[in-house]
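These are the residues of each chain, in order.
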Amino acid sequence: MDHHSLAGKRALVCGATQGIGRAAAIELASRGAAITVFARDLATLEKVKSLLPGTGHSVLTADFQDNDAVKNTAAANVQERGPVHVLINNTGGPAGGPIVDAKADAFLATFKAHLINNQLLAQVVIPGMKESGYGRIVNIVSTSVKEPIPGLGVSNTIRAAVAGWAKTLAGELAPFGVTVNNVLPGYTKTQRLDSIIDARAKATGRDRDEIARQMTAQVPMGRFAEAWEIAAAIGFLASPSGGYITGVSLPVDGGRISAL
């Protein structure tokens, strides 16, 4: 048995239009999975689909601010195409800013886009995972689960809630051979990182290159991650090789955070 292969498995990858989500879709496809890429931008998803090795891939669209649309779209897909064995929960983070200035609506919107969508999608796919005896739920979260990141007050709060949800779900699903884990990306070359750098530059009046140098100085490896490096960890956790790992929050951050 190839413990790295996902041949014969189906994966639903959320937020797959760019960055880590796109890299995860490519990684899982390279392991043999049939991928359904899920986001709201149909044209971009079609381009991502064309990049995927293998066959059997498909595209699914919904606005992730609309919980009912996300749930109903995913449920219809499972009914039509069969069980999902791997669910990658991945949604863009909220705008930065001090937590003291955050509006209540920002917390609610982020809670819905992250934790509620995660919960609804898990409920859609878990029955098929249990029935097939194979299930992997991987949530792309943030290193703020271990150490809150200054200037990302809303994100820090909701990411912690997602981590608590995942740990609880992992314990409930372990007897069924279904794992639930979080991947915590460090500073990764994505549009999200660019937006964080731009926001810090605007807030401080400093040059964005200076901000980037300051950020990489915090990383023992001295560089930002490539999206495929995060995806490699996702692929491992999604594979049979990761079958005895559940309930963990795995930093992939070049050693940046100091928390154990």
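Anything mentioned here points back to the structure above.
Small disclaimer: the values here were computed from a predicted structure and weren't measured.

Undergrad: Just to check I follow, could you spell out the pairing of strand β6 (residues 178–185) for this structure?
TA: Among the 8 residues of β6, 8 are classified as buried, and the element is accordingly described as predominantly covered. Of the two faces of β6, the one carrying V178, V180, N182 and L184 and the one carrying T179, N181, V183 and P185 are both buried. In terms of handedness, the path from strand β5 (residues 135–140) via helix α5 (residues 153–173) over to β6 forms a crossover that is right-handed. As paired strands, β6 and strand β7 (residues 249–252) are joined by 4 bridges and run parallel to one another. In the sheet register, V183 faces β7, and the bridge partner there is L250.

Undergrad: Mind showing me how you'd approach the packing of helix α4 (residues 104–132) against α5 here?
TA: Angle between the axes and distance between the axes: these two values describe a pair of packed helices. Orientation of α4 relative to α5, taken along the N-to-C sense of each, is 20°, at an axis distance of 9 Å. When the interaxial angle is binned, α4 and α5 end up roughly parallel. For the element pair α4 and α5, the recorded crossing hand is right-handed. For the pair α4 and α5, the contacting residues are A106, F107, T110, F111, H114, L115, N118, Q119, A122, I126 and K130 in the first and V154, T157, I158, R159, A161, V162, W165, L169 and L173 in the second.

Undergrad: Sorry, what's going on with the sheet that holds β6 here?
TA: Think of a sheet as strands paired side by side through backbone hydrogen bonds, with each pair either parallel or antiparallel. Overall, parallel pairing links the 7 strands, which are arranged β3-β2-β1-β4-β5-β6-β7 in an open sheet. The open sheet terminates on both sides in strands that have one partner only, identified here as β3 (58–61) and β7. Taking the axes of each pair of neighbouring strands and ignoring which way they run, one obtains an average angle of 20° across the sheet. In terms of strand pairing, β5 meets β6 through 6 bridges, oriented parallel. Among the inter-strand pairings, R136 is bridged to a residue of β6, identified as T179. Those strands touched by helix α2 (residues 42–51) are β2 (34–39) and β3, and its axis lies near 160° from that of β3.

Undergrad: Just checking my understanding: could you explain the environment of I257 for this structure?
TA: Mapped onto the elements of the fold, I257 is located in the segment after β7. Here I257 falls in the buried class, since its relative accessible area comes to 11%. Once the C-alpha coordinates of I257 and S144 are considered, the two residues, 113 residues apart in sequence, prove to be 9.0 Å apart. Those residues in contact with I257 that lie beyond four places of it in its chain are T143, K146, E147 and P251.

Undergrad: When you look at the side chain of N182 in this model, what are you seeing that I'm missing?
TA: For N182, the position within the fold is in strand β6. N182 sits in the buried class, given a relative accessible area of 2%. Within the structure, the side chain of N182 is placed 2.9 Å from the side chain of N139, a separation counted as a polar contact. Residues in contact with N182, not counting those within four places in the same chain, are N139, V141, A163, A166, V248, S249 and L250.

Undergrad: Sorry, what's going on with the nonpolar core here?
TA: As a rule of thumb, nonpolar side chains are buried together in soluble globular proteins. Counting 29 residues, the largest nonpolar core has V13, L28, I35 and I234 as its most contacted members. Of all elements in the fold, only β1 (10–14), α1 (19–30), β2, α2, β4 (86–89), β5 and α8 (227–238) reach the threshold of two or more residues within this core. Filtering out sequence-adjacent residues up to four positions away, I35 remains in contact with A11, V13, A25, L28, A29, L52, G56, H57 and S58. Core analysis: the next-biggest nonpolar cluster, separate from the first, contains 28 residues, F64, L87, A166 and V178 among them.

Conventions adopted
All residue numbers refer to position in the chain's written sequence, counted from 1. Only residues with pLDDT of at least 70 are given local features in this predicted model, and only at 80 or more are side-chain atom pairs given and counted; all residues enter the totals for whole chains, interfaces and linings. Side-chain metrics rest on all non-hydrogen atoms present in the structure, leaving aside hydrogens and water. Only protein chains enter the accessibility calculation, which uses a 1.4 Å probe. A residue is then buried if its area is under 20% of the maximum for its type, exposed if over 50%, and partly exposed in between. Secondary structure elements follow DSSP: runs of H or I of four or more residues count as helices, runs of E of two or more count as strands, with numbering from the N terminus. The definition of a right-handed crossover adopted here requires that, viewed with the strands pointing away, the path from the first strand over the helix to the second runs clockwise. Criterion used throughout: strands pair if DSSP finds at least two bridges between them. Interaxial angle, 0 to 180 degrees, is taken between N-to-C directions of lines fitted to C-alpha atoms, where a helix line uses only the stretch in contact. Orientation categories follow fixed angle ranges, with anything under 35 degrees roughly parallel, anything over 145 roughly antiparallel, 65 to 115 roughly perpendicular, and all other angles oblique. Each helix crossing is assigned a hand: it is left-handed if the near helix lies turned anticlockwise from the far helix by less than a right angle, otherwise right-handed if that turn is clockwise. Here, two residues are considered to be in contact whenever any of their heavy atoms come within 4.5 Å of each other. In protein, a polar contact requires one atom able to donate a hydrogen and another able to accept it; more generally it is a pair of N or O atoms within 3.5 Å, and residues adjacent in sequence count only if both atoms are side-chain atoms. Throughout, nonpolar core names a set of buried Ala, Val, Leu, Ile, Met, Phe, Trp, Tyr and Cys residues whose side chains join them through atoms within 4.5 Å.

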